[in-house]
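Fold and geometry: a report
So you can see what is in the structure, the chains are spelled out below.
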Amino acid sequence: MNAKIMVASVVAILGLGATVPGISALEPVPVQAKAKTRMIPKKWRGTWHSKAGYYYQTKHVKKNMNEPKMKATIHAKTVTWKWVGYRPKGFDKKTHVMRLGKKMGPQYYRLRGQVPYGILSYLAYDNAHHMLILYKGTHTDLYR
């Protein structure tokens, strides 16, 4: 009987234009986040390799190498890379991690963290078998 009286009083109050706080106003309502998460596209992900670089117009011998081979593994939000094979002085054998930064365009992402040279580094997608890591006026070509 009390329930019928409460429903009747709520209907009467709502009919007059007044509002009654319902159960949903007393309980916390979950709010969905509006932020987009940046992720590297799936077709970019996987293991990529670069070729060793040599000084311009010199024989391809170890003493003329200016950049060793690089192995890069691209994940959803990180790029791990390391120098492999013969490494001239100044190149370590540690695995480094670059994190995904701002999206600069449809084919470019800015990377931050342990970048190969300098502080600015970009990841650029060319086609299914060619990708670039751009930095400090030069780049490293990555191939599948």
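Below or above, wherever it landed, is the structure these notes cover. Along each chain, residues carry numbers from 1 onward, in the same order as the chain's sequence is written. Given that the model is predicted, a residue must reach a pLDDT of at least 70 before its local features are reported, and side-chain atom pairs must reach 80 or more before they are shown or counted; all residues, however, enter totals for whole chains, interfaces and linings. Hydrogens and water molecules were not included; the side-chain quantities draw on all heavy atoms of the structure.

Sheet analysis places strand β9 (residues 130–135) next to strand β10 (residues 138–143), joined by 6 bridges and oriented antiparallel. Paired with His130 across the two strands is Tyr143, which belongs to β10. Between any two strands, at least two bridges found by DSSP are needed for them to pair. Numbering of helices and strands starts at the N terminus; helices are DSSP runs of H or I of at least 4 residues and strands are runs of E of at least 2. Hairpin connection, β9 to β10: the antiparallel pair is bridged by 2 residues, and Lys136 has positive phi, about 45°.

Okay, the packing of aromatic side chains next. Only the six-membered ring of Trp is used, alongside the rings of Phe and Tyr, when aromatic pairs are assigned; centres must lie within 6.5 Å, and planes under 30 degrees apart are stacked while those over 60 apart are edge-to-face, with the rest tilted. Per the counting criterion, the structure on display carries 5 aromatic pairs. Aromatic pair Trp83 and Phe91: ring centres 5.2 Å apart, planes at 85°, arrangement edge-to-face. In textbook terms, an aromatic cluster arises when at least three aromatic residues are bridged by ring pairs, as seen for Trp44, Tyr109 and Tyr125. Any Lys NZ or Arg CZ that is within 6 Å of a ring centre and within 35 degrees of that ring's normal is treated as a charge sitting over the ring. Here the basic side chain of Lys51 rests over the ring of Tyr143, its NZ or CZ set 5.3 Å away from the ring centre.

Okay, the pattern of salt bridges next. Each salt bridge in this description consists of a side-chain nitrogen of Lys or Arg and a carboxyl oxygen of Asp or Glu lying within 4 Å of one another. A full pass over the atoms with the stated rule returns 1 salt bridge. A salt bridge links Lys94 to Asp92; its shortest N-O distance comes to 4.0 Å.

Candidates for patches are residues over 30% relative accessible area with no salt bridge; among them, like charges are joined within 9 Å and nonpolar side chains (Val, Leu, Ile, Met, Phe, Trp, Tyr) within 5 Å. Only the protein chains shown count as cover for residues, and the accessible areas themselves come from Shrake-Rupley with a 1.4 Å probe. Positive charges come from Lys and Arg alone, negative charges from Asp and Glu alone, with His and the N- and C-terminal ends not counted. To locate a charge, the coordinates of NZ of Lys, CZ of Arg, CG of Asp or CD of Glu are taken. Residues Arg38, Lys77, Arg99, Lys102, Arg110 and Arg112 make up a contiguous surface patch of positive charge. Elements supplying a minimum of two residues to the positive patch: β6 (96–103) and β7 (108–113). Mapped onto the fold, Lys102 is located in strand β6.

A few words now on the environment of Lys82. Along the chain, Lys82 turns up in strand β5 (residues 78–84). Under the relative-accessibility criterion, Lys82 is labelled partly exposed at 30%. For the pair formed by Lys82 and Lys69, sequence separation is 13 residues and the distance between their alpha carbons is 8.5 Å. Contact criterion: two residues are considered in contact whenever any of their non-hydrogen atoms come within 4.5 Å of each other. With sequence-adjacent residues up to four places away left out, Lys82 is seen in contact with Lys69, Met70, Lys71, Lys93, Lys94 and Thr95. Summary of the burial criterion: residues with accessible area below 20% of their type's maximum are buried, those above 50% are exposed, and those between are partly exposed, where the area comes from a 1.4 Å probe applied to protein chains only.

Right, let's get into unusual backbone geometry. Notably, Gln57 is not glycine yet its phi reads approximately 55°, a positive angle. Along the chain, Gln57 falls in the loop between β2 (53–54) and β3 (65–67). According to the relative accessible area criterion, Gln57 is exposed, its value standing at 69%.

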